[in-house]
Amino acid sequence: MNFMPVILWSDALVFLLVAAVSLAIWYVRGREHLLLPWQRVARSPVAMVSLLVLALFAVIGLLDSVHFRVAITPQNSTERIYSPEVLSVFDKLVEPLRMHHEKTYSQPFAITLFAKESQTDVQGNVVRAYPRLQYGGAHLQDASRRDGDVVKRALLGGLGGLLAGTLLVVIASFPNRRKSGVWLVVCMTVVILATCIGAIAHLATVYHVLGTDKVGQDVLYLSLKSIRTGLIIGTVTTLVTLPLAVFLGVAAGYFRGWVDDVIQYIYTVLSSIPSVLLIAAAVLMMQVTIDTHPQWFDTAAARADLRLVFLCLILGMTSWTGLCRLLRGETLKLREMEYIQAAQSFGVSSMRILSRHIIPNVMHIILISLVMDFSGLVLAEAVLSYVGVGVDPSMISFGTMINAARLEMGREPMVWWSLAAAFCFMLLLVLAANLFADAVRDAFDPRLNRGE
(Lines give C-alpha, C1' and ligand atoms only; values in the text may rest on other atoms or scores of the structure.)
Protein backbone atom coordinates (compact mmCIF):
# COMPACT_ATOMS: atom_id res chain seq x y z
CA MET A 1 0.00 0.00 0.00
CA ASN A 2 1.00 3.59 -0.57
CA PHE A 3 -0.10 4.46 2.93
CA MET A 4 -0.14 2.95 6.40
CA PRO A 5 -3.28 3.37 8.54
CA VAL A 6 -2.67 5.01 11.90
CA ILE A 7 -5.09 4.71 14.81
CA LEU A 8 -4.43 7.26 17.50
CA TRP A 9 -5.87 6.95 20.98
CA SER A 10 -8.31 9.77 20.34
CA ASP A 11 -9.40 8.12 17.09
CA ALA A 12 -10.26 4.92 18.94
CA LEU A 13 -12.25 6.86 21.52
CA VAL A 14 -14.12 8.76 18.80
CA PHE A 15 -15.08 5.53 17.01
CA LEU A 16 -16.11 4.01 20.34
CA LEU A 17 -18.33 7.00 20.99
CA VAL A 18 -19.87 6.76 17.51
CA ALA A 19 -20.60 3.07 18.10
CA ALA A 20 -22.19 3.88 21.47
CA VAL A 21 -24.39 6.60 19.95
CA SER A 22 -25.43 4.27 17.12
CA LEU A 23 -26.34 1.56 19.62
CA ALA A 24 -28.30 4.06 21.71
CA ILE A 25 -30.26 5.21 18.62
CA TRP A 26 -31.09 1.60 17.74
CA TYR A 27 -32.19 0.94 21.32
CA VAL A 28 -34.38 4.06 21.55
CA ARG A 29 -36.12 3.50 18.21
CA GLY A 30 -37.72 0.28 19.45
CA ARG A 31 -39.18 1.78 22.64
CA GLU A 32 -42.02 4.25 22.39
CA HIS A 33 -41.58 5.82 25.83
CA LEU A 34 -37.94 6.62 25.06
CA LEU A 35 -38.71 7.81 21.55
CA LEU A 36 -41.42 10.28 22.63
CA PRO A 37 -39.07 13.00 24.04
CA TRP A 38 -36.93 12.86 20.92
CA GLN A 39 -40.03 13.30 18.79
CA ARG A 40 -40.65 16.50 20.73
CA VAL A 41 -37.10 17.59 19.90
CA ALA A 42 -37.73 16.82 16.22
CA ARG A 43 -40.75 19.14 16.23
CA SER A 44 -38.58 22.11 17.18
CA PRO A 45 -37.23 24.07 14.18
CA VAL A 46 -34.43 25.59 16.26
CA ALA A 47 -33.35 22.16 17.51
CA MET A 48 -33.25 20.64 14.04
CA VAL A 49 -31.31 23.54 12.54
CA SER A 50 -28.85 23.35 15.44
CA LEU A 51 -28.56 19.60 15.00
CA LEU A 52 -27.85 20.10 11.31
CA VAL A 53 -25.01 22.51 12.10
CA LEU A 54 -23.63 20.13 14.74
CA ALA A 55 -23.84 17.26 12.22
CA LEU A 56 -21.76 19.31 9.76
CA PHE A 57 -19.12 19.88 12.44
CA ALA A 58 -19.27 16.17 13.36
CA VAL A 59 -18.65 15.10 9.74
CA ILE A 60 -15.55 17.30 9.61
CA GLY A 61 -14.38 15.86 12.93
CA LEU A 62 -14.90 12.26 11.78
CA LEU A 63 -13.05 12.83 8.50
CA ASP A 64 -10.21 14.35 10.51
CA SER A 65 -10.12 11.26 12.77
CA VAL A 66 -9.16 8.78 10.03
CA HIS A 67 -5.34 8.99 9.97
CA PHE A 68 -2.59 7.48 7.85
CA ARG A 69 1.06 7.90 6.90
CA VAL A 70 2.12 8.20 3.28
CA ALA A 71 4.72 5.77 1.91
CA ILE A 72 8.06 7.20 0.80
CA THR A 73 10.34 5.19 -1.48
CA PRO A 74 13.93 6.56 -1.55
CA GLN A 75 15.83 6.65 -4.82
CA ASN A 76 17.86 3.53 -5.68
CA SER A 77 16.10 1.61 -2.94
CA THR A 78 13.31 -0.95 -2.87
CA GLU A 79 12.65 -0.52 0.84
CA ARG A 80 9.43 1.28 1.61
CA ILE A 81 9.39 3.69 4.50
CA TYR A 82 6.62 5.92 5.72
CA SER A 83 6.56 9.64 6.27
CA PRO A 84 6.70 10.77 9.92
CA GLU A 85 3.86 13.19 9.16
CA VAL A 86 0.44 11.82 10.11
CA LEU A 87 -2.32 12.99 7.77
CA SER A 88 -6.08 12.51 7.81
CA VAL A 89 -8.74 12.03 5.17
CA PHE A 90 -9.79 15.62 5.77
CA ASP A 91 -6.23 16.79 5.05
CA LYS A 92 -6.35 15.10 1.66
CA LEU A 93 -9.75 16.61 0.83
CA VAL A 94 -8.49 20.13 1.58
CA GLU A 95 -4.90 19.60 0.43
CA PRO A 96 -4.64 22.97 -1.36
CA LEU A 97 -5.45 24.75 1.91
CA ARG A 98 -2.86 22.67 3.75
CA MET A 99 -0.07 23.00 1.18
CA HIS A 100 -0.46 26.63 0.10
CA HIS A 101 1.85 28.29 2.62
CA GLU A 102 2.79 31.92 2.30
CA LYS A 103 5.76 33.69 3.86
CA THR A 104 3.89 35.34 6.75
CA TYR A 105 0.72 37.29 7.50
CA SER A 106 -1.76 38.21 4.80
CA GLN A 107 -5.27 39.59 5.16
CA PRO A 108 -8.42 37.75 4.01
CA PHE A 109 -8.66 37.72 0.20
CA ALA A 110 -5.35 39.61 -0.03
CA ILE A 111 -2.94 39.17 -2.92
CA THR A 112 0.03 40.73 -1.10
CA LEU A 113 1.69 40.23 2.25
CA PHE A 114 0.47 42.26 5.21
CA ALA A 115 3.80 44.01 5.83
CA LYS A 116 6.13 45.83 3.47
CA GLU A 117 9.52 44.37 2.55
CA SER A 118 12.59 45.71 0.82
CA GLN A 119 12.56 44.91 -2.89
CA THR A 120 14.68 45.79 -5.89
CA ASP A 121 12.80 47.38 -8.81
CA VAL A 122 13.66 47.08 -12.49
CA GLN A 123 16.06 50.04 -12.23
CA GLY A 124 17.95 48.34 -9.38
CA ASN A 125 16.66 50.67 -6.69
CA VAL A 126 15.72 49.28 -3.28
CA VAL A 127 12.12 50.16 -2.47
CA ARG A 128 9.68 49.26 0.29
CA ALA A 129 6.63 47.49 -1.13
CA TYR A 130 4.07 44.78 -0.40
CA PRO A 131 5.28 41.52 -2.04
CA ARG A 132 2.77 39.43 -4.00
CA LEU A 133 1.64 36.19 -2.42
CA GLN A 134 2.85 32.93 -3.86
CA TYR A 135 -0.62 31.35 -4.01
CA GLY A 136 -3.27 33.88 -2.98
CA GLY A 137 -4.52 35.60 -6.13
CA ALA A 138 -1.54 34.29 -8.11
CA HIS A 139 -3.78 33.84 -11.18
CA LEU A 140 -4.36 37.59 -11.41
CA GLN A 141 -1.95 39.62 -13.52
CA ASP A 142 -3.64 42.89 -12.61
CA ALA A 143 -4.21 43.47 -8.87
CA SER A 144 -7.05 45.91 -9.58
CA ARG A 145 -9.21 43.04 -10.88
CA ARG A 146 -9.24 41.25 -7.51
CA ASP A 147 -12.59 42.57 -6.22
CA GLY A 148 -14.44 41.63 -9.39
CA ASP A 149 -12.80 38.21 -9.44
CA VAL A 150 -13.77 37.55 -5.80
CA VAL A 151 -17.41 38.45 -6.52
CA LYS A 152 -17.47 36.34 -9.69
CA ARG A 153 -16.00 33.27 -8.01
CA ALA A 154 -18.26 33.66 -4.98
CA LEU A 155 -21.34 33.79 -7.23
CA LEU A 156 -20.24 30.79 -9.29
CA GLY A 157 -19.38 28.73 -6.21
CA GLY A 158 -22.59 29.78 -4.46
CA LEU A 159 -24.62 28.84 -7.52
CA GLY A 160 -23.00 25.41 -7.60
CA GLY A 161 -23.68 24.94 -3.90
CA LEU A 162 -27.27 26.13 -4.37
CA LEU A 163 -27.86 23.55 -7.10
CA ALA A 164 -26.23 20.79 -5.03
CA GLY A 165 -28.27 21.72 -1.94
CA THR A 166 -31.50 21.89 -3.93
CA LEU A 167 -30.82 18.49 -5.49
CA LEU A 168 -30.11 17.01 -2.07
CA VAL A 169 -33.36 18.44 -0.67
CA VAL A 170 -35.36 17.11 -3.62
CA ILE A 171 -33.89 13.62 -3.20
CA ALA A 172 -34.51 13.65 0.55
CA SER A 173 -38.08 14.95 0.10
CA PHE A 174 -39.11 12.41 -2.54
CA PRO A 175 -40.00 9.47 -0.22
CA ASN A 176 -42.03 11.70 2.11
CA ARG A 177 -44.64 13.86 0.39
CA ARG A 178 -46.03 15.26 3.64
CA LYS A 179 -44.08 18.38 4.43
CA SER A 180 -44.19 19.96 7.88
CA GLY A 181 -43.04 23.42 8.86
CA VAL A 182 -39.95 21.98 10.55
CA TRP A 183 -39.01 20.09 7.40
CA LEU A 184 -39.25 23.26 5.31
CA VAL A 185 -36.98 25.09 7.76
CA VAL A 186 -34.44 22.24 7.62
CA CYS A 187 -34.56 22.27 3.80
CA MET A 188 -33.95 26.01 3.71
CA THR A 189 -31.02 25.59 6.11
CA VAL A 190 -29.52 22.84 3.94
CA VAL A 191 -29.74 25.05 0.85
CA ILE A 192 -28.22 28.05 2.67
CA LEU A 193 -25.36 25.98 4.10
CA ALA A 194 -24.68 24.36 0.72
CA THR A 195 -24.60 27.78 -0.94
CA CYS A 196 -22.16 29.17 1.62
CA ILE A 197 -19.94 26.07 1.46
CA GLY A 198 -19.90 26.20 -2.35
CA ALA A 199 -18.90 29.87 -2.41
CA ILE A 200 -16.16 29.42 0.21
CA ALA A 201 -14.81 26.24 -1.42
CA HIS A 202 -14.58 27.90 -4.83
CA LEU A 203 -12.86 30.98 -3.41
CA ALA A 204 -10.46 28.92 -1.28
CA THR A 205 -8.89 27.34 -4.35
CA VAL A 206 -7.22 30.63 -5.34
CA TYR A 207 -7.50 32.89 -2.27
CA HIS A 208 -6.85 32.71 1.44
CA VAL A 209 -10.45 33.36 2.49
CA LEU A 210 -9.57 34.03 6.14
CA GLY A 211 -6.00 35.16 5.56
CA THR A 212 -2.78 33.53 6.80
CA ASP A 213 -1.05 33.43 10.17
CA LYS A 214 2.49 34.30 11.25
CA VAL A 215 4.09 31.32 9.50
CA GLY A 216 1.89 31.62 6.41
CA GLN A 217 -0.63 28.86 7.14
CA ASP A 218 -4.15 29.29 5.85
CA VAL A 219 -6.40 30.41 8.74
CA LEU A 220 -9.45 28.70 7.23
CA TYR A 221 -7.57 25.39 7.30
CA LEU A 222 -6.53 25.97 10.92
CA SER A 223 -10.11 26.81 11.92
CA LEU A 224 -11.48 23.66 10.29
CA LYS A 225 -8.77 21.51 11.89
CA SER A 226 -9.63 22.98 15.30
CA ILE A 227 -13.12 21.51 15.09
CA ARG A 228 -11.92 17.97 15.80
CA THR A 229 -10.05 19.05 18.92
CA GLY A 230 -13.10 20.89 20.26
CA LEU A 231 -15.41 17.97 19.54
CA ILE A 232 -13.08 15.47 21.22
CA ILE A 233 -12.76 17.62 24.31
CA GLY A 234 -16.53 18.07 24.46
CA THR A 235 -17.54 14.44 23.79
CA VAL A 236 -14.76 12.10 24.85
CA THR A 237 -14.64 13.76 28.26
CA THR A 238 -18.16 12.42 28.79
CA LEU A 239 -16.78 8.87 28.60
CA VAL A 240 -14.92 9.67 31.84
CA THR A 241 -17.53 11.90 33.47
CA LEU A 242 -20.54 9.64 32.91
CA PRO A 243 -19.50 6.45 34.76
CA LEU A 244 -18.12 8.35 37.76
CA ALA A 245 -21.10 10.67 38.13
CA VAL A 246 -23.76 7.97 37.61
CA PHE A 247 -22.18 5.31 39.82
CA LEU A 248 -21.27 7.60 42.71
CA GLY A 249 -24.36 9.80 42.56
CA VAL A 250 -26.85 6.92 42.44
CA ALA A 251 -24.95 4.95 45.10
CA ALA A 252 -24.85 7.93 47.45
CA GLY A 253 -28.57 8.59 47.11
CA TYR A 254 -29.73 4.98 47.33
CA PHE A 255 -27.50 3.43 50.01
CA ARG A 256 -27.18 6.57 52.16
CA GLY A 257 -25.37 6.09 55.48
CA TRP A 258 -21.58 5.89 55.40
CA VAL A 259 -21.57 5.41 51.61
CA ASP A 260 -23.31 8.76 51.19
CA ASP A 261 -20.95 10.41 53.67
CA VAL A 262 -17.81 9.17 51.91
CA ILE A 263 -19.00 10.17 48.44
CA GLN A 264 -20.14 13.59 49.67
CA TYR A 265 -16.76 14.11 51.30
CA ILE A 266 -14.95 13.22 48.06
CA TYR A 267 -16.87 15.57 45.79
CA THR A 268 -16.99 18.34 48.37
CA VAL A 269 -13.20 18.29 48.73
CA LEU A 270 -12.74 18.07 44.96
CA SER A 271 -15.09 21.00 44.40
CA SER A 272 -13.20 23.08 46.97
CA ILE A 273 -9.98 22.94 44.95
CA PRO A 274 -9.79 25.56 42.14
CA SER A 275 -10.35 23.57 38.98
CA VAL A 276 -7.82 25.50 36.89
CA LEU A 277 -5.05 24.87 39.43
CA LEU A 278 -5.95 21.19 39.71
CA ILE A 279 -6.00 20.75 35.94
CA ALA A 280 -2.75 22.71 35.53
CA ALA A 281 -0.96 20.55 38.12
CA ALA A 282 -2.19 17.33 36.52
CA VAL A 283 -1.26 18.49 33.00
CA LEU A 284 2.23 19.53 34.07
CA MET A 285 2.82 16.18 35.81
CA MET A 286 1.62 14.39 32.70
CA GLN A 287 3.87 16.52 30.47
CA VAL A 288 6.93 15.64 32.57
CA THR A 289 6.12 11.94 32.11
CA ILE A 290 5.76 12.37 28.35
CA ASP A 291 9.02 14.34 28.09
CA THR A 292 10.98 11.71 30.00
CA HIS A 293 9.72 8.82 27.83
CA PRO A 294 10.18 9.87 24.19
CA GLN A 295 10.56 6.21 23.18
CA TRP A 296 6.83 5.74 23.66
CA PHE A 297 6.06 7.71 20.50
CA ASP A 298 7.05 7.10 16.89
CA THR A 299 5.54 10.37 15.60
CA ALA A 300 4.94 13.86 16.93
CA ALA A 301 1.22 13.39 16.29
CA ALA A 302 1.11 10.39 18.66
CA ARG A 303 2.77 12.46 21.37
CA ALA A 304 0.34 15.36 20.96
CA ASP A 305 -2.60 12.98 20.79
CA LEU A 306 -1.68 11.30 24.08
CA ARG A 307 -1.64 14.70 25.78
CA LEU A 308 -5.10 15.40 24.33
CA VAL A 309 -6.44 12.09 25.67
CA PHE A 310 -4.96 12.75 29.11
CA LEU A 311 -6.48 16.24 29.07
CA CYS A 312 -9.89 14.63 28.45
CA LEU A 313 -9.27 12.28 31.37
CA ILE A 314 -8.24 15.16 33.64
CA LEU A 315 -11.26 17.26 32.66
CA GLY A 316 -13.51 14.25 33.22
CA MET A 317 -12.03 13.56 36.65
CA THR A 318 -12.64 17.17 37.72
CA SER A 319 -16.06 17.84 36.14
CA TRP A 320 -18.22 14.96 37.39
CA THR A 321 -19.16 16.53 40.73
CA GLY A 322 -22.03 18.66 39.44
CA LEU A 323 -23.86 15.77 37.79
CA CYS A 324 -23.13 13.57 40.81
CA ARG A 325 -24.89 16.06 43.11
CA LEU A 326 -27.95 16.16 40.85
CA LEU A 327 -28.20 12.39 40.65
CA ARG A 328 -27.78 11.99 44.41
CA GLY A 329 -30.65 14.38 45.08
CA GLU A 330 -32.93 12.74 42.52
CA THR A 331 -32.11 9.25 43.81
CA LEU A 332 -32.91 10.30 47.37
CA LYS A 333 -36.35 11.34 46.14
CA LEU A 334 -36.91 8.20 44.06
CA ARG A 335 -35.85 5.95 46.92
CA GLU A 336 -38.93 6.97 48.89
CA MET A 337 -41.36 6.25 46.07
CA GLU A 338 -43.94 3.52 46.67
CA TYR A 339 -42.79 1.21 43.87
CA ILE A 340 -39.22 1.27 45.21
CA GLN A 341 -40.45 0.51 48.73
CA ALA A 342 -42.58 -2.34 47.36
CA ALA A 343 -39.61 -3.82 45.49
CA GLN A 344 -37.50 -3.70 48.63
CA SER A 345 -40.31 -5.37 50.64
CA PHE A 346 -40.46 -8.24 48.15
CA GLY A 347 -36.73 -8.81 48.56
CA VAL A 348 -35.60 -7.53 45.17
CA SER A 349 -31.83 -7.05 45.17
CA SER A 350 -30.37 -3.56 45.31
CA MET A 351 -28.55 -3.98 42.00
CA ARG A 352 -31.79 -4.94 40.25
CA ILE A 353 -33.63 -1.97 41.76
CA LEU A 354 -30.86 0.37 40.65
CA SER A 355 -30.72 -1.01 37.10
CA ARG A 356 -34.49 -1.39 36.55
CA HIS A 357 -36.03 1.49 38.50
CA ILE A 358 -33.51 4.12 39.59
CA ILE A 359 -31.19 4.62 36.61
CA PRO A 360 -33.97 4.67 33.94
CA ASN A 361 -35.75 7.39 35.93
CA VAL A 362 -32.68 9.62 36.13
CA MET A 363 -31.63 9.24 32.49
CA HIS A 364 -33.31 12.53 31.56
CA ILE A 365 -31.08 14.37 34.04
CA ILE A 366 -27.99 12.59 32.71
CA LEU A 367 -28.83 13.41 29.11
CA ILE A 368 -29.67 17.05 29.76
CA SER A 369 -26.51 17.59 31.82
CA LEU A 370 -24.22 16.00 29.24
CA VAL A 371 -25.67 17.99 26.36
CA MET A 372 -25.46 21.25 28.29
CA ASP A 373 -21.91 20.54 29.53
CA PHE A 374 -20.62 20.06 25.98
CA SER A 375 -20.31 23.78 25.26
CA GLY A 376 -18.63 24.38 28.61
CA LEU A 377 -15.98 21.79 27.83
CA VAL A 378 -15.29 23.31 24.40
CA LEU A 379 -14.77 26.71 26.01
CA ALA A 380 -12.64 25.12 28.74
CA GLU A 381 -10.19 23.81 26.13
CA ALA A 382 -9.81 27.28 24.65
CA VAL A 383 -9.14 28.81 28.07
CA LEU A 384 -6.69 26.10 29.14
CA SER A 385 -4.76 26.24 25.85
CA TYR A 386 -4.67 30.03 26.14
CA VAL A 387 -2.93 29.81 29.52
CA GLY A 388 -0.58 27.07 28.29
CA VAL A 389 -1.95 23.99 30.09
CA GLY A 390 -4.27 22.73 27.37
CA VAL A 391 -3.46 20.68 24.30
CA ASP A 392 0.04 20.29 22.91
CA PRO A 393 1.27 23.48 21.18
CA SER A 394 1.79 21.51 17.97
CA MET A 395 -1.89 20.49 17.89
CA ILE A 396 -4.28 22.83 16.14
CA SER A 397 -7.15 24.00 18.33
CA PHE A 398 -9.20 27.11 19.01
CA GLY A 399 -7.17 27.72 22.15
CA THR A 400 -3.80 27.54 20.40
CA MET A 401 -5.08 29.84 17.65
CA ILE A 402 -6.21 32.40 20.23
CA ASN A 403 -2.95 32.05 22.14
CA ALA A 404 -0.92 32.62 18.96
CA ALA A 405 -3.03 35.63 17.95
CA ARG A 406 -3.10 37.44 21.28
CA LEU A 407 0.43 38.84 20.92
CA GLU A 408 -0.44 40.32 17.53
CA MET A 409 -3.48 42.21 18.75
CA GLY A 410 -1.30 44.98 20.20
CA ARG A 411 0.67 45.70 17.04
CA GLU A 412 -0.13 48.46 14.60
CA PRO A 413 -1.71 47.68 12.21
CA MET A 414 -3.53 44.97 14.13
CA VAL A 415 -3.59 41.34 12.97
CA TRP A 416 -7.22 40.53 13.78
CA TRP A 417 -8.30 37.73 11.45
CA SER A 418 -6.83 34.73 13.30
CA LEU A 419 -8.59 35.65 16.53
CA ALA A 420 -11.80 36.53 14.69
CA ALA A 421 -11.83 33.20 12.81
CA ALA A 422 -11.31 31.15 15.98
CA PHE A 423 -13.98 33.21 17.77
CA CYS A 424 -16.57 32.82 14.98
CA PHE A 425 -16.08 29.07 14.54
CA MET A 426 -16.16 28.47 18.29
CA LEU A 427 -19.21 30.72 18.65
CA LEU A 428 -21.06 28.79 15.94
CA LEU A 429 -20.23 25.43 17.54
CA VAL A 430 -21.11 26.51 21.09
CA LEU A 431 -24.26 28.38 20.02
CA ALA A 432 -25.57 25.37 18.09
CA ALA A 433 -24.82 23.10 21.06
CA ASN A 434 -26.56 25.47 23.51
CA LEU A 435 -29.69 25.83 21.36
CA PHE A 436 -29.91 22.08 20.91
CA ALA A 437 -29.38 21.59 24.66
CA ASP A 438 -32.27 23.98 25.40
CA ALA A 439 -34.57 21.98 23.14
CA VAL A 440 -33.50 18.70 24.75
CA ARG A 441 -34.06 20.14 28.22
CA ASP A 442 -37.57 21.31 27.30
CA ALA A 443 -38.43 17.98 25.66
CA PHE A 444 -37.30 15.89 28.65
CA ASP A 445 -38.70 18.17 31.37
CA PRO A 446 -41.88 16.47 32.66
CA ARG A 447 -43.22 19.75 34.03
CA LEU A 448 -43.45 21.15 30.49
CA ASN A 449 -45.04 18.05 28.94
CA ARG A 450 -47.77 17.02 31.34
CA GLY A 451 -50.47 17.39 28.74
CA GLU A 452 -49.00 14.81 26.36
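Here, every reference points to the structure presented above.
Inspection of every chain in the model, using the stated rule, returns 1 cavity of 30 Å³ or more. Considering the residues around the largest cavity, the lining is formed by P96, L97, H100, Y135, G136, A204, T205, V206, Y207, H208 and D218. Partitioned by chemical class, the residues of the lining of the largest cavity number 6 nonpolar, 4 polar and 1 charged.

Under the definition given, this model contains 14 salt bridges. In this structure, D91 and K225 form a salt bridge, with 3.2 Å as the shortest nitrogen-oxygen distance. Separated by 134 residues along the polypeptide, D91 in helix α4 (residues 89–93) and K225 in helix α8 (residues 219–255) bring together distant segments of the chain. The buried category is assigned to K225, whose relative accessible area is 13%. With its nearest N and O atoms 2.7 Å apart, the salt bridge here joins D260 to R328. Pair noted here: D260 is in helix α9 (residues 257–272) and R328 is in helix α12 (residues 321–335), with a separation of 68 residues, a long-range link. Beyond isolated ion pairs, a larger network of salt bridges with shared partners links E85, K92, E95 and R98.

With that settled, the discussion passes to a nonpolar patch on the surface. On the surface, F15, V18, L62, V66, V89 and L93 cluster together to form a nonpolar patch covering roughly 460 Å² of accessible area. Of all the secondary structure elements, the ones that give two or more residues to the nonpolar patch are α1 (9–29) and α4. Note on L62: relative accessible area 35%, which makes it partly exposed.

Looking at where T318 falls in the secondary structure, it is placed in helix α11 (residues 300–318). Reaching out from T318, the side chain makes a polar contact with the backbone oxygen of L315 at a distance of 3.2 Å. Beyond its immediate stretch of four places on either side in the chain, T318 contacts L270, L278 and I279.

Within the open sheet, the 3 strands sit side by side as β1-β2-β3. Their pairing is antiparallel. Each end of this open sheet is capped by a strand with a single partner; those strands are β1 (3–6) and β3 (81–88). For this sheet, the mean inter-axis angle between neighbouring strands, taken without regard to orientation, is 30°.

Before going further, it helps to spend a moment on the pairing of strand β4 (residues 117–120). Within a regular beta strand, the side chains point alternately toward one face of the sheet and then the other, so they alternate between its two faces. Both β4 and strand β5 (residues 126–129) contribute to a ladder of 4 bridges, which runs antiparallel. Paired with Q119 across the strands is V127, a residue of β5. Here β4 folds back onto β5, and the loop between the two strands holds 5 residues, one of which, G124, carries a positive phi near 85°.

Further remarks concern the environment of V415. Secondary-structure assignment places V415 in the loop between α15 (398–406) and α16 (417–444). Residue classification places V415 among the buried positions, given a relative accessible area of 1%. For the pair V415 and M188, spaced 227 residues apart in the sequence, the C-alpha separation amounts to 35 Å. Setting aside its immediate chain neighbours within four residues, V415 contacts Y105, F114, E408 and M409.

Attention now moves to α1. Taking 1.5 Å of rise per residue, 21 residues should cover 30 Å, and α1 covers 31 Å from first to last C-alpha, within 8% of that figure. Taken as a whole, α1 has its buried residues at S10, D11, V14, L17 and V28. Looking straight down α1, one finds its buried side chains confined to an arc of 125°; they lie on one side. Looking at α1, the residues exposed on the side facing more than 90 degrees away from the buried face are W9, L16, L23 and W26. Looking at the buried residues of α1, the elements they touch are β1, α2 (32–42), α3 (45–63), β2 (67–72), α8 and α11.

Each value, and the rule that gives it
- Residues numbered from 1 in each chain as written.
- Predicted model: local features only at pLDDT ≥ 70, side-chain atom pairs only at ≥ 80, totals over all residues.
- Heavy atoms only, no water.
- 1 Å grid on protein atoms, 1.4 Å probe; cavity = no way out; pocket = protein on both sides within 12 Å on 5 of 7 lines; lining within 4 Å.
- Points joined across faces, edges and corners; volume = space filled by probe spheres on them.
- Nonpolar A, V, L, I, M, F, W, Y, C, P; charged D, E, K, R; others polar.
- Salt bridge = Lys/Arg side-chain N within 4 Å of Asp/Glu carboxyl O.
- Helix = DSSP H or I, 4+ residues; strand = E, 2+ residues; numbered from the N terminus.
- Buried < 20%, exposed > 50% of the residue type's maximum accessible area, 1.4 Å probe, protein only.
- Patch = residues over 30% accessible without salt bridge, like charges linked within 9 Å, V, L, I, M, F, W, Y side chains within 5 Å.
- Areas by Shrake-Rupley, 256 points an atom, 1.4 Å probe, with all protein chains shown as cover.
- Polar contact = N/O pair within 3.5 Å; in protein donor to acceptor, adjacent residues only side chain to side chain.
- Contact = heavy atoms within 4.5 Å.
- Pairing = 2+ DSSP bridges.
- Axes fitted to C-alpha atoms, helices over the stretch in contact; angles between N-to-C directions.
- Expected span 1.5 Å × (residues − 1).
- Arc of directions from axis to C-beta.

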